[in-house]
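Structural features, examined
The chain contents come next:
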Amino acid sequence: MNSVPPFHQLHLIGMPGAGKTTLGRALAVAYEVPFLDLDEEITRREGRSVADIFAQEGEAYFREREAAVLREVLQQPGSFVLATGGGTPCFHHNLEALLEKGLVLYLEVPVPELVRRILATGATRPLLAAAPTAEALATRLDETLRARKQFYARAPLCCTAPSCTLEDVRHLLSTYQTTG
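Residues numbered from 1 in each chain as written. Predicted model: local features only at pLDDT ≥ 70, side-chain atom pairs only at ≥ 80, totals over all residues. Heavy atoms only, no water.

With an unreviewed UniProt entry as reference, the chain is termed Shikimate kinase, source organism Hymenobacter duratus. UniProt, in its Pathway (unreviewed entry) section for the chain, records the words "Metabolic intermediate biosynthesis; chorismate biosynthesis; chorismate from D-erythrose 4-phosphate and phosphoenolpyruvate: step 5/7." What the UniProt record of the chain gives under Subcellular location (unreviewed entry) is the line "Cytoplasm". (UniProt positions renumbered as here; feature names shortened; annotations may be inferred.)

Next comes the structure, spelled out in structure tokens:
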């Protein structure tokens, strides 16, 4: 697309099922920069899945590892797109680190769409494991979103389309550059 992306680091935040990884991969290809997924990086370094870390060590341990790995990832040279975990910006001053090192984009997706996506993919997510039905999942996501919204709302960019596209982000980045 172009040799110089309109960002140094682009960090995607949002709820589970918002499309951070899918959109992040597409953005990385479009802007010809590496794509990093924080959960995948944690999994690689720990030698076990995020679900296993939660089950074996608990959320507090996971959030500490997440913060440490995030800070290491943010020190990498060059431009890249980073998909964070849904809770990443909400713990250990991670949002401040994300804002300091790059441009943060919040993917705001309505809860009914999150439920549809999560159920369609059969995804297993540690904080949602206790929600066996669509109604329970929607309730859990609503509660989680209420707790996280204050963090997500601090992102300089927000894509509110139910399915944020590459073109939507290009437009946001272009507008941000000219008004920024």
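Some remarks on unusual backbone geometry
In most cases, non-glycine residues show a negative phi, while peptide bonds are predominantly trans. The residue Glu 32 is not glycine, and still its phi comes out positive at about 55 degrees. Summarising the element assignment, Glu 32 is placed in the loop between α1 (20–31) and β2 (35–37). (Helix = DSSP H or I, 4+ residues; strand = E, 2+ residues; numbered from the N terminus.)

A short note on the packing of aromatic side chains
Inspection of every chain in the model, using the stated rule, returns 3 aromatic pairs. Between Phe 7 and Tyr 31, the ring centres sit 5.3 Å apart and the planes meet at 80 degrees, which makes this aromatic pair edge-to-face. Pair noted here: Phe 7 is in the segment before β1 (9–14) and Tyr 31 is in helix α1, with a separation of 24 residues, a long-range link. Where Phe 54 meets Phe 62, the ring centres are 4.9 Å apart and the plane angle is 40 degrees; that geometry is what we call tilted. The burial state of Phe 54 is the same as that of Phe 62; both residues are buried. (Phe/Tyr/Trp six-rings, centres within 6.5 Å; stacked < 30°, edge-to-face > 60°. Buried < 20%, exposed > 50% of the residue type's maximum accessible area, 1.4 Å probe, protein only.)

Some thoughts on helix α6 (residues 111–121)
For α6, the full list of buried residues reads Val 111, Glu 113, Leu 114, Val 115, Arg 117 and Ile 118. Where α6 is buried, its residues touch α7 (134–152). At the exit of α6 stands Gly 122, carrying a positive phi of roughly 65 degrees. (Contact = heavy atoms within 4.5 Å.)

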